[in-house]
Every structure is written in C-alpha cells, then in structure tokens.
Amino acid sequence: MTSLALKAPPELYFMIVDLIPGSTKVSLLQTCHYLFSVVVSALYRHIKITGVGARLLALTILTSKRMDYATLIRSVCYTGSNIDDLYLTYPLLVDAICCMKYLTSMSLSIPRHHTSTFMTIVMNKGLARSPSSFFASIGFKVCTSMEM
C-alpha cells in the first residue's frame, strides 16, 4: 500500500468496506496490518447476531489476545430463539456486553419464557437493578416476542 493511500481518512475506508461483499472483506483482512484494523473496525461496529453467532462473538471478545474487539462495537442487535440460548448464550453474551465500553445502542429480542432467566443474569452482573416502583421500571425494557 502506498503512503498516499495510508493518508486517506479511515472514514473513507469504512464507506468502501460497507459496499464490498463479505468474501472480499475476508481477503482484505489478510493483506496488511492497516487494512486489517480498518476492516475489523468496520465489521465489528454494528453487530446483528442470533444463537451460535452470539456465542462465537462473546467467545471472541472474552478470549482474544490479539485485539480488543469489544472496544470496536457500537451497536448490538441480538435475537434469542431456542433453549440452547437460555443456558449457553445468555451468560456469555452478558459477559461480553460488560466488556463493550463504547456500546451506544443495544436491541435484545428474547423469547417471553426466557425473560426471567435473562434478567437474572443481567442483574447478577450489575447491568440492571430491580425497580423500587412501577415508574422506576420504565427506563429498562427487554422486548419479548409473542411468536417465539
């Protein structure tokens, strides 16, 4: 990569990376350290995950020695779906969320019959408190889905 290309603002690279297919992004990750950091930043900025994907993301965040992936994430959209999520995914996901210092947006869609277990995990990690009154509970809401 030439020095002129390295002087381009990272935002320009983010815009380009958003337009290219996933296989090309993987190839760019393998070209040089600079493009690795740009592409990884673009890939991890907004995360949309379910089930096994959430477990893999959480394990990457919690175990990676190469890079602090948690600091790259700005928004997470998670959809829970089956019984495996209840005991495998939720604890890992909540641990990973605790590491995301720059998280600005989070959307969680949890099946109604999983809500109490999920909220117990969240409260045990100190991410939410039990409301002292009805009005105090308005600020934190976990979306539940009727069809799940």
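Everything in this summary refers to the structure shown in the same document. (Residues numbered from 1 in each chain as written. Predicted model: local features only at pLDDT ≥ 70, side-chain atom pairs only at ≥ 80, totals over all residues. Heavy atoms only, no water.)

Some words on the nonpolar core
Ranked by size, the top nonpolar core spans 29 residues in total, and within it Tyr44, Ile49, Ile61, Ile73, Tyr78, Met100 and Phe118 carry the most contacts. Counting residues per element, the ones that place at least two in this core are helix 4 (33–45), strand 1 (46–50), helix 5 (51–63), strand 2 (75–79), helix 6 (83–99), strand 3 (105–111) and helix 7 (115–124). Of the residues forming this core, the biggest block, six residues, is contributed by helix 6. For isoleucine 73, the contacting residues outside a window of four places in its chain are Tyr44, Arg45, Ile47, Leu57, Ile61, Met100, Tyr102 and Leu103. In terms of nonpolar packing, the next biggest core, distinct from the first, is built from eight residues, Ala8, Tyr13, Val38 and Val39 among them. (Core = buried A, V, L, I, M, F, W, Y, C linked by side-chain atoms within 4.5 Å. Buried < 20%, exposed > 50% of the residue type's maximum accessible area, 1.4 Å probe, protein only. Helix = DSSP H or I, 4+ residues; strand = E, 2+ residues; numbered from the N terminus. Contact = heavy atoms within 4.5 Å.)

Remarks on the environment of tyrosine 78
Along the chain, tyrosine 78 falls in strand 2. Of the residues examined, tyrosine 78 reaches a relative accessible area of 0% and is grouped as buried. Between the C-alpha atoms of tyrosine 78 and lysine 48, which are 30 residues apart in sequence, the distance is 6.0 Å. Ignoring anything within four residues of it in the chain, the contact list for tyrosine 78 reads Ile49, Thr50, Gly51, Ala54, Asp85, Thr89, Tyr90, Leu93, Ser107, Leu108, Ser109 and Ile110.

Some points on the pairing of strand 1
Every second residue of strand 1 is oriented toward a common face, the buried set being Ile47 and Ile49 and the non-buried set His46, Lys48 and Thr50. Relative to strand 2, strand 1 runs parallel, the two sharing five bridges. Its bridge partner lying in strand 2, isoleucine 49 is registered against tyrosine 78. For the crossover from strand 1 across helix 5 to strand 2, the handedness is right-handed. (Pairing = 2+ DSSP bridges. Right-handed = clockwise from strand over helix to strand, strands pointing away.)

A short note on the packing of aromatic side chains
Tallying each qualifying case throughout the model produces four aromatic pairs. Residues tyrosine 13 and tyrosine 34 carry aromatic rings whose centres are separated by 5.6 Å and whose planes lie at 75 degrees to one another, so their mutual orientation is edge-to-face. Linking tyrosine 13 in helix 2 (residues 10–19) with tyrosine 34 in helix 4, this pair joins segments that are 21 residues apart in sequence. For tyrosine 34, a relative accessible area of 25% gives the class partly exposed. Between tyrosine 90 and phenylalanine 118 the ring centres are 5.3 Å apart and the planes differ by 80 degrees, which places this aromatic pair in the edge-to-face class. Of this pair, tyrosine 90 sits in helix 6 while phenylalanine 118 is found in helix 7, placing the two residues 28 residues apart along the sequence. Three or more aromatic residues joined by ring pairs make a cluster, and in this case those are Tyr78, Tyr90 and Phe118. Here the guanidinium or amino end of arginine 45 rests over the ring plane of phenylalanine 14, the centre of that ring lying 4.4 Å away. Against the face of phenylalanine 36 rests arginine 66, its NZ or CZ located 4.1 Å from the ring centre. (Phe/Tyr/Trp six-rings, centres within 6.5 Å; stacked < 30°, edge-to-face > 60°. Lys NZ or Arg CZ within 6 Å of the ring centre and 35° of its normal.)

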